[in-house]
Amino acid sequence: MRYMLLHKTNDNLEAGNPPDAEILERADAVLEEMRQAGVLVLGEGLMPSSRGARVVFPRPGQPRVVDGPFAETKELVAGVSIIRVDSKEEAVRWALRFAEADPNTPIDILEIAG
């Protein structure tokens, strides 16, 4: 099974400031553990939403593109990891390793279809 770990962002990262060096070092160590364990498919950080866009549908069938930044920081993602593991419980264990690296950043764990 593949799972996507969505690492949420914060106001500091959304402002374009670099992540705290110590947190980044700890997160990189977790990614290396994942590589060594053979479960990491992808692990990437994302740029602030000010560098992105969103497609919205104010009326059905009529898409509109909205440039960032986006207001709701709590809904935004600062990084993504895709892992291949045997169970949701194992995905949760890896997410908890990231939580040790940065205890203030929520992580959503979603199974990838297919």
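By the naming in an unreviewed UniProt entry, the chain is YCII-related domain-containing protein, taken from Kribbella solani.

K.L.:
Is there a simple way to explain the overall build of the chain in this structure?
P.N.:
Scanning the chain from terminus to terminus reveals 3 helices and 6 strands. Tracing the chain from N to C terminus, the helices and strands come up as β-α-α-β-β-β-β-α-β. Counting only C-alpha atoms and orienting by the principal axes, one finds that the chain spans roughly 45 × 35 × 20 Å. Sorting the 114 residues of the chain into buried and exposed places 32% on the buried side. For the chain, long-range pairs separated by at least 24 residues make up 74% of all intrachain contacts whose partners lie at least 6 apart in sequence.

K.L.:
Would you take a moment to explain the nonpolar core for this structure?
P.N.:
The nonpolar side chains of a soluble globular protein tend to be buried, and buried together. By size, the foremost hydrophobic cluster in this structure holds 16 residues, and its most contacted members are Leu-5, Met-34, Val-39, Ile-83, Val-85, Trp-94 and Phe-98. Those elements that place two or more of their residues in this core are β1 (2-8), α2 (21-37) and α3 (88-101). Considering every element that reaches this core, the biggest residue donor is α3, with 5 residues. Setting aside anything within four residues of it in sequence, one finds Val-85 in contact with Met-1, Tyr-3, Val-39, Glu-90, Ala-91 and Trp-94.

K.L.:
Looking at this structure, how should I read the packing of α2 against α3?
P.N.:
Relative orientation and spacing of two packed helices are given, respectively, by the angle between their axes and the distance between those axes. Their axes nearest at 8 Å, the elements α2 and α3 cross at an angle of 155 degrees. Considering their axes alone, α2 and α3 lie roughly antiparallel with respect to each other. Both α2 and α3 take part in a crossing whose hand is right-handed. Residues Ile-23, Arg-26, Ala-27, Val-30, Leu-31, Glu-33, Met-34 and Ala-37 of α2 pack against Trp-94, Arg-97, Phe-98, Glu-100 and Ala-101 of α3. In terms of residue class, the contact of α2 with α3 is made up of 9 nonpolar, no polar and 4 charged.

K.L.:
Help me understand the pairing of strand β5 (residues 77-84), please; the structure alone is not making it clear to me.
P.N.:
Successive residues of a regular strand alternate their side chains across the two faces of the sheet. Summarising burial for β5: 6 of the 8 residues are buried, a large majority. Sheet topology places strand β2 (residues 40-45) next to β5; 5 bridges connect them, and they run antiparallel. Bridge assignment links Gly-45 to a residue of β5, and that residue is Gly-79.

K.L.:
For this particular structure, what's the right way to read the sheet that holds strand β6 (residues 107-111)?
P.N.:
Within a sheet, neighbouring strands are paired by backbone hydrogen bonds and run either parallel or antiparallel to one another. Taken together, 4 strands build an open sheet; the order of strands is β2-β5-β1-β6 and the sheet is antiparallel. The open sheet has two free edges, formed respectively by β2 and β6, since each of these has just one partner strand. For this sheet, the mean inter-axis angle between neighbouring strands, taken without regard to orientation, is 15 degrees. The sheet contact formed by β1 and β5 spans 7 bridges and is antiparallel. Directly across from Met-4, in β5, lies its bridge partner Ile-82. Against the sheet, α2 touches β1, β2 and β5, its axis set at about 160 degrees to β2.

K.L.:
I tried to follow the environment of Leu-24 on my own but got confused; where do I start?
P.N.:
Looking at the element boundaries, Leu-24 is found in helix α2. Along the chain, Leu-24 and Asp-102 lie 78 residues apart, while their C-alpha atoms are 8.5 Å from each other.

K.L.:
Would you take a moment to explain the side chain of Lys-8 for this structure?
P.N.:
As for its position among the elements, Lys-8 is in strand β1. Using a relative accessible area of 13% as the deciding quantity, one classes Lys-8 as buried. Of the polar contacts made by the side chain of Lys-8, one reaches the side chain of Asp-108; its length is 3.1 Å. Excluding anything up to four places from it in sequence, Lys-8 contacts Lys-74, Glu-75, Leu-76, Val-77, Ala-78, Thr-105, Pro-106 and Asp-108.

What counts, and where the lines are drawn
Residues numbered from 1 in each chain as written. Predicted model: local features only at pLDDT ≥ 70, side-chain atom pairs only at ≥ 80, totals over all residues. Heavy atoms only, no water. Helix = DSSP H or I, 4+ residues; strand = E, 2+ residues; numbered from the N terminus. Buried < 20%, exposed > 50% of the residue type's maximum accessible area, 1.4 Å probe, protein only. Contact = heavy atoms within 4.5 Å. Core = buried A, V, L, I, M, F, W, Y, C linked by side-chain atoms within 4.5 Å. Axes fitted to C-alpha atoms, helices over the stretch in contact; angles between N-to-C directions. Parallel < 35°, antiparallel > 145°, perpendicular 65-115°, else oblique. Left-handed = near helix turned anticlockwise from the far one by under 90°. Nonpolar A, V, L, I, M, F, W, Y, C, P; charged D, E, K, R; others polar. Pairing = 2+ DSSP bridges. Polar contact = N/O pair within 3.5 Å; in protein donor to acceptor, adjacent residues only side chain to side chain.

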